[in-house]
Amino acid sequence: MNAIAFTDVSRSYGNVLAVDGLNLTVETGRTVALLGPNGAGKSTSINMLLGLIRPSGGRIELFGRPPEQAVARGEVGAMLQDGELIPELTVRELVDFVRGLYPEPLDLDAILQMADLTDLAGRRAGKLSGGQSQRVRFALAVAGAPRLLVLDEPTAAMDVESRQRFWAAMRDYAAGGRTVLFATHYLEEADENSDRVIVVARGRVVADGTAAQIKAKAGGHAVRFTLDGQSAAGLDALPGVSAVEVTGGTATLRTADPDATVAALYRGTSLEIRDLRLAGADLEDAFLALTREP
Ligand SMILES: Nc1ncnc2c1ncn2[C@@H]1O[C@H](COP(=O)(O)OP(=O)(O)O)[C@@H](O)[C@H]1O
Ligand SMILES: [Mg+2]
């Protein structure tokens, strides 16, 4: 069964089309990244998925049910971009309060430990740093042991070390066969912490697959060699090549078929090729290519 299904979902705010005919399904047990630049429609999609706002068109189902029903059954936990904590309550009180809203919550101490809050349990929420508050919001999201965990840019305001610990906690939670969907505009986070990356831009899915597949889709590989003073003329006509750049005596050929390009480079040209290197396009290039304004 699919944990999440969006069918032709759209949402506009006045004349801004924030989500434009989104179709996607997420299988139960997957960890999926929704990757896109600011304004891509990630939060709007997540807020619709949680039943907090209504689509202008189309349909969303969570575990085969309307979002409101899945949420009411305690099947969904969420960490939103703008969730406020009650400042007078301690971390322990807050987590315990939210646990009480669910039919089969996780153990209180287990939650505090998972979110790395054991030492902060007696601290009032109003006295926490930005990164600590994020950890509390994660604790509240997992408190009810939801089958589906939804995280909207969860590591905003966290330093590098907190981020690493946060993702380790998320992976622990996901390991029990649970489904996780998280939004991010950080490529590395998507690459390292998900088994599928859905790239969105301007309210639409522009790529969907593993990080490796997305890199391949957006320009593939780079063949580099030292050109020195030799002419680059004709290199753009080699098989597979989509672009040629020459900087500082080094030629870079962007190619979808590096084997064919390299073979033709040796057989089909009279260039003296030195220092041949082959690299996959990096995810940054891929992301920029995929989300660029048309
Ligand atoms: N409440 C709102 N009112 C008007 N426009 C909005 C509102 N929320 C989002 N938008 C617009 O919808 C688009 C998508 O926003 P959002 O879903 O927040 O993107 P993301 O989370 O990917 O940064 C943006 O152009 C944003 O300005
Ligand atoms: Mg957002």
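Scroll up to find the structure this text is about.
Residues numbered from 1 in each chain as written. Chains lettered and ligands numbered in written order. Predicted model: local features only at pLDDT ≥ 70, side-chain atom pairs only at ≥ 80, totals over all residues. Heavy atoms only, no water.

Draft legend 1. Representation of the coordination of the magnesium ion (ligand 2) within the structure. Looking at the magnesium ion (ligand 2), the protein donor atoms are Ser-43 (OG) and Gln-81 (OE1), and they sit 2.1 to 2.4 Å from it. On the criterion of sequence distance, the pair formed by Ser-43 in helix 1 (residues 42-49) and Gln-81 in the loop between strand 5 (76-79) and helix 3 (91-99) is long-range, its members being 38 residues apart. Given a relative accessible area of 47%, Gln-81 falls into the partly exposed group. (Donors = N, O, S within 2.8 Å, 3.2 Å for Na, K, Ca; no water. Helix = DSSP H or I, 4+ residues; strand = E, 2+ residues; numbered from the N terminus. Buried < 20%, exposed > 50% of the residue type's maximum accessible area, 1.4 Å probe, protein only.)

Draft legend 2. Examining the pattern of salt bridges more closely. Using the criterion set out here, one finds 16 salt bridges in the structure. Residue Asp-109 is joined to Arg-92 by a salt bridge in which the shortest nitrogen-to-oxygen separation is 3.6 Å. Taken together, the positions of Asp-109 in helix 4 (residues 108-114) and Arg-92 in helix 3 put the pair 17 residues apart, joining distant regions of the chain. On the basis of relative accessibility, which here comes to 37%, the residue Arg-92 falls in the partly exposed class. Between Arg-274 and Asp-228 there is a salt bridge, with the nearest N and O atoms lying 2.3 Å from each other. Here Arg-274 is found in strand 13 (residues 274-280), whereas its partner Asp-228 is found in the loop between strand 10 (221-226) and strand 11 (241-247), with 46 residues between them in sequence. Among the residues examined, Arg-274 registers a relative accessible area of 36% and is labelled partly exposed. (Salt bridge = Lys/Arg side-chain N within 4 Å of Asp/Glu carboxyl O.)

Draft legend 3. How the structure looks around helix 6 (residues 160-175). The end-to-end C-alpha separation of helix 6 is 23 Å, in line with the 22 Å expected for 16 residues at 1.5 Å each. Within helix 6, the full set of buried residues consists of Ser-162, Phe-166, Trp-167, Ala-169, Met-170, Tyr-173 and Ala-174. For helix 6, the angular spread of buried residues about the axis comes to 160°, placing them on one side. What points out from helix 6, more than 90 degrees from its buried face, is the exposed set Val-160, Gln-164, Asp-172 and Ala-175. Remark: Gly-177 follows helix 6 within two positions and exhibits a positive phi of approximately 85°. (Expected span 1.5 Å × (residues − 1). Arc of directions from axis to C-beta.)

Draft legend 4. Just the environment of Glu-75, in detail. Positionally, Glu-75 belongs in the loop between helix 2 (67-72) and strand 5. The exposure class of Glu-75 is buried, given its relative accessible area of 7%. Once you skip the residues sitting within four places of it in the chain, Glu-75 turns out to touch Phe-63, Arg-65, Ala-70, Pro-146, Arg-147 and Leu-148. A distance of 2.9 Å separates the side chain of Glu-75 from the side chain of Arg-147, its partner in a polar contact. (Contact = heavy atoms within 4.5 Å. Polar contact = N/O pair within 3.5 Å; in protein donor to acceptor, adjacent residues only side chain to side chain.)

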